[in-house]
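Take a look at the letters that make up each chain.
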Amino acid sequence: MTSAPVSIDQHKVNTAANELSRPAEVSSESSAWTIEESEELYRINGWGEPYFSINAAGHVIVSPQGDRGGSINLHELIQALQVRKLSLPILVRFSDILEDRIERLNSCFAKAITKYGYDGCYRGVFPVKCNQQRHLVEDLVKFGQRYQFGLEAGSKPELMIALATLKTPGALLICNGYKDRAYLETAMLGQKLGQQPMIVLEQLDELPLVIEISQQLNIRPRLGVRAKLSAKGIGRWGGSAGDRAKFGLTIPEILTVVEQLKANDMLSCLQLLHFHIGSQMSSISIIKDALREACQIYVELASLGANMQYLDVGGGLGVDYNGSKTNVPASKNYSIQNYANDVVAEVKEACSAKDVPVPTLISESGRAIASHQSVLVFDVLGSSEVRPQVPFEPSSEDHAILKELYEAYQSINPKNYQEVFHDAEQFKGEAASLFNFGYLSLTERARVENLFWACCQKIIQVLRQETYVPDDLADLEKMMASIYYMNLSVFQSAPDTWAIDQLFPIMPIHRLNEEPTCRATLADLTCDSDGKIDRFIDLHGVKSVLELHELNHDEPYYLGMFLNGAYQEIMGNLHNLFGDTNMVHIQVTPQGYTIEHVVKGDTMKEVLSYVQYDSEDLVEQIRRRSEVSLKEKQITLIEAQLLLQNYEESLNQYTYLS
Ligand SMILES: *Cc1c(COP(=O)(O)O)cnc(C)c1O
């Protein structure tokens, strides 16, 4: 992956106001469909506010500074990038969204602190594991300066990033994860660089090493303990807490830490209590339960003589991926302000009850900071559809099964569609048996299948008018869906959709003033049957097909996957050797926007080198083989040259289709 020099391009900005006043270019045949219908269908206001919306021309608009600044037409931006030879898929980052997220989180805590008269402050940290890309972490540190926003490291390499990148005086550097001697020495010596490392003990074994190194280096470290709470998280990451959690110290272990520190005259080093109940907490009540338990541990530690000053509530602040504001896994039933209020109020209450000074509050919110800032835009390469069937009309000489199936087809109505579906399935099965025993010709069998699909198509029209879908017909929509082929690898760009069934909002970024008349599932470029997306956000749970527009032959069709700025990039893998996508950083300026950084995606040469192939060696092998074939007159000189030229050029090209 290569980082190109900064290129600055100025473009005219469209303010939200003049976007809206622009007349809609609505073609006559689609005039019945409105952008409001698209808004509702794709739920963009639910998950997108205040950053993503639709303009009158039916394009997705990005307002990276929320309601405070200019906006960018995403469709036009993608075209401008393609003119600059940046091919799709492209990951577009909006630095201003990152800044806005940091501001929001900090201002919510500031408001809560004022509201409850909290006699302490908030010092958030960003967990580097959520997105380690250099430009992003550097931006975070820069935007966070005003709030003394720090970093959290969960491993040695992340500590290396944090130590070098964090330059804000007073900002905290939380050191989590498993630690060995090198980790601990580096963290402690970081103190001498003016950093504020807080070493959080996750394992009892770490303590003797901490004490030993502290004595050797003659440094008094600032220590924390990670508590294993009994309040359990729920959902996907619920296992991060509870008695069997992988991380943290039990109550008896915490007491052992206190005793051993005391015995070594280091109890005043213990200043922080940390807990983390899991990512994407959908329910505020779970967060409150954990807080209550942690607050009690905090005040008890203070009364045991530890020099308690910080309470770190970990990550878990959720993102509303489906925009429903509910406690389903893809959503959350609280706002950032509710979260901040609950943290502040709960801690204040517990501390004042025991006359303990309130701590500086820390959260390690990753997902809530990093998700919104990036949008993955990709194109659709083609589609395959279940074609509309003209039902075969049998005559009196035809096989009885055809006549019966045709009658069933004709009878379909809102009262009997469920019954007819089962009959049709049965006829189809019978036809297969009759065929196997030689009683039905190939043509007759084809006619049965044609009639079966015609029934399904008629039934689905009826079904779509119904408010209730019977369980046994739940898969029909998916069975009848088109497949849209995306120029993308799910494994590289959205691994959590495959690994843990996570939902991201996906929608077209243009043509939103036209009715999307197709229902489709998405298939990616890999040769893996798991390389697909067939679960989409919906107000009520999950839907198995996405409404998309019919493809126009002369026009590319662009889809955006939103809110995928957390965890996806680093968890992505090279399945089928599809590499990193192109990436651009966009920043709003008074004149429009600038392209701050361009990070070109992997070339085939780079991807091949990850699996130890040397591209010159590969070219040489092909050259030698063509020489042999030339000699044997199996290839002409012109053909051999064309082959070699293609081969060599491909090595320097993008791994996706152009
Ligand atoms: C992963 C993790 C986080 C970040 O969680 P989010 O849900 O992304 O906010 C914070 N702290 C610790 C210890 C973690 O492991």
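Residues numbered from 1 in each chain as written. Predicted model: local features only at pLDDT ≥ 70, side-chain atom pairs only at ≥ 80, totals over all residues. Heavy atoms only, no water.

## A few points about the overall build of the chain
Our working definition: Runs of E in the DSSP output that reach at least two residues are strands. Runs of H or I that reach at least four are helices, and both are numbered from the N terminus. When a residue's accessible area, from a 1.4 Å probe over protein chains only, is under 20% of the maximum for its type it is buried; when over 50% it is exposed; and in between it is partly exposed. Here a residue-residue contact requires only that any non-hydrogen atoms of the pair lie within 4.5 Å. Using a 1.4 Å probe, the Shrake-Rupley method yields the accessible areas, and only the shown protein chains count as cover for residues. His is not counted, nor are the chain ends; Lys and Arg add positive charge and Asp and Glu add negative charge. A charged residue contributes its charge at one atom only: NZ of Lys, CZ of Arg, CG of Asp or CD of Glu.
The number of helices and strands found in the chain is 23 helices and 24 strands. The 658 residues of the chain split such that 55% are buried. Restricting to contacts in the chain with at least 6 residues of sequence separation, those with at least 24 account for 76%. Total accessible area computed for the chain in this model is approximately 29400 Å², and 51% of it derives from carbon and sulfur atoms. Considering the chain, the positive charge centre built from 58 side chains and the negative charge centre built from 85 side chains are found 6 Å apart.

## What about the pairing of strand 11 (residues 270-274)?
Our working definition: A pair of strands is treated as paired once DSSP finds two or more bridges between them. When the strands point away from the viewer and the connection leading from the first strand across the helix to the second strand turns clockwise, the crossover is called right-handed.
Most of strand 11 is tucked away: 5 of the 5 residues are buried. When strand 10 (residues 222-226) meets strand 11, the two strands line up parallel, connected through 4 bridges. In the strand pairing of strand 11, Val-225 is matched with Leu-273. In terms of strand pairing, strand 11 meets strand 12 (residues 310-312) through 3 bridges, oriented parallel. Looking at strand 12, one finds that His-274 is bridged to Asp-312. The β-α-β motif built from strand 11, the intervening helix 11 (residues 284-303) and the parallel element strand 12 has right-handed crossover chirality.

## What about the confidence of the model for the chain?
In low-pLDDT regions, the fine details of the predicted coordinates are not to be read closely. Quick reminder of the rule: Along the chain, pLDDT gives the predictor's confidence residue by residue, from 0 to 100.
Residues of the chain with pLDDT of at least 70 account for 93%, and the chain-wide mean is 92. Under a pLDDT of 50 for its full length, residues 1-28 has, in the predicted model, 63 contacts with residues more than four places off or in other chains.

## Structural notes on the site of the ligand
This is how it is decided: A cutoff of 4 Å decides nearness: a residue is near a molecule or strand if any of its heavy atoms lies inside that distance of it. By the criterion applied in these results, polar contacts are pairs of N or O atoms within 3.5 Å in which, for protein atoms, one can donate a hydrogen and the other can accept it, and in which residues neighboring in sequence qualify only through two side-chain atoms. Classes in brief: Ala, Val, Leu, Ile, Met, Phe, Trp, Tyr, Cys and Pro nonpolar; Asp, Glu, Lys and Arg charged; the others, Gly included, polar.
As a matter of local geometry, the ligand sits amid 16 residues, with Lys-129, Ser-279, Glu-364, Gly-366 and Tyr-567 nearest to it. Within the backbone of Gly-366, an N or O atom sits 2.8 Å from an oxygen atom of the ligand. About the coverage of the ligand: the protein hides 91% of its 390 Å² of free accessible area. Here the shell around the ligand is built from residues that sort into 2 nonpolar, 9 polar and 5 charged.

## Thoughts on empty space enclosed by the protein
Using the following cut-off: Definitions used for this entry: grid spacing 1 Å over protein atoms alone; cavity, a set of points where a 1.4 Å probe fits but cannot get out; pocket, an open set with protein on both sides within 12 Å along at least 5 of 7 lines; lining residue, one with an atom within 4 Å of a point. Grid points are joined across faces, edges and corners, and a volume is the space filled by probe spheres set on the points.
For the structure on display, the rule yields 5 cavities of 30 Å³ or more. Estimates place the volume of the largest cavity at around 70 Å³. Lining the largest cavity, in full, are Leu-41, Tyr-42, Trp-47, Phe-504, Pro-505, Ile-506, Met-507, Phe-536, Ile-537, Lys-543 and Leu-546. Looking at the lining of the largest cavity, the elements that each hand over two or more residues are helix 2 (35-42), strand 16 (506-508) and strand 19 (536-537). Around the second largest cavity sit Phe-275, Ile-277, Met-281, Ile-287, Leu-291, Val-313, Gly-315, Gly-316 and Tyr-339, which together line it. For the lining of the second largest cavity, the per-class residue count stands at 7 nonpolar, 2 polar and no charged.

## What to know about the sheet that holds strand 4 (residues 72-73)
Taken in spatial order, the 3 strands make up an open sheet running 2-3-4, and their pairing is antiparallel. Only two strands of the sheet have a single partner each, and these edge strands are strand 2 (52-54) and strand 4. Across 3 bridges, the pairing between strand 2 and strand 3 (residues 60-62) is antiparallel. The residue bridging Ile-54 from the neighbouring strand is Val-60, located in strand 3.

## Considerations on the nonpolar core
As a reminder of what qualifies: Residues belong to a common nonpolar core when they are buried Ala, Val, Leu, Ile, Met, Phe, Trp, Tyr or Cys residues joined through side-chain atoms within 4.5 Å.
Among the nonpolar cores identified, the biggest contains 88 residues, and Phe-126, Val-225, Leu-261, Leu-270, Leu-273, Leu-301 and Val-347 are the most heavily contacted of them. If one sorts the elements of this core by residue count, helix 11 sits on top with 11 residues. Ignoring any residue separated from it by four or fewer positions in sequence, one finds Val-347 in contact with Tyr-118, Leu-291, Cys-295, Leu-311, Pro-359 and Leu-361. Among the nonpolar cores identified, the runner-up in size contains 63 residues, and Leu-88, Val-377, Ala-494 and Ile-533 belong to it.

## Let's talk about a negative patch on the surface
Heads up, the rule is: Patch membership is restricted to residues that have no salt bridge and whose relative accessible area is over 30%. Joining uses 9 Å for like charges and 5 Å for the nonpolar side chains Val, Leu, Ile, Met, Phe, Trp and Tyr. Salt bridges are identified by distance alone: a Lys or Arg side-chain nitrogen within 4 Å of an Asp or Glu carboxyl oxygen.
On the surface, a cluster of negative charge is contributed by Glu-36, Glu-37, Glu-40 and Glu-515. Note on placement: Glu-36 falls in helix 2. By relative accessible area, which is 48% here, Glu-36 ends up partly exposed.

## Details of the side chain of Thr-603
Relative to the assigned elements, Thr-603 resides in the loop between strand 24 (592-600) and helix 21 (604-610). Its relative accessible area of 18% is what places Thr-603 among the buried residues. Thr-603 has contacts with Leu-651, Asn-652, Gln-653 and Thr-655, leaving out every residue within four places of it along the chain.

## Looking at the packing of aromatic side chains
How we decide: Whether two aromatic rings pair depends on their centres lying within 6.5 Å, for rings of Phe, Tyr and Trp, where Trp uses its six-membered ring; planes under 30 degrees apart make the pair stacked, over 60 edge-to-face, and the rest tilted. Two conditions define a charge located above a ring, namely a distance within 6 Å from the ring centre to NZ of Lys or CZ of Arg, and an angle within 35 degrees of the ring normal.
This structure, assessed with the given rule, holds 15 aromatic pairs. Note on Phe-109 and Tyr-339: the rings are 6.3 Å apart at their centroids and 85° apart in plane angle, and the pair reads as edge-to-face. You can see Phe-109 sitting in helix 5 (residues 95-115) and its partner Tyr-339 sitting in helix 12 (residues 336-353), a full 230 residues away along the chain. Across this residue pair, the class does not change: Phe-109 and Tyr-339 are buried. Note on Tyr-484 and Tyr-557: the rings are 6.4 Å apart at their centroids and 65° apart in plane angle, and the pair reads as edge-to-face. Taken as a pair, Tyr-484 in strand 15 (residues 482-486) and Tyr-557 in the loop between strand 21 (546-548) and strand 22 (558-561) lie far apart in primary sequence, 73 residues in all. Residue Tyr-484 is classed as buried on the basis of its relative accessible area of 0%. Among the residues examined, Tyr-557 registers a relative accessible area of 2% and is labelled buried. Across the ring face of Tyr-334, the terminal group of Lys-332 is positioned such that the distance to the ring centre comes to 5.4 Å. One residue, Lys-458, lies across the ring of Tyr-409, its end atom 4.5 Å from the ring centre.

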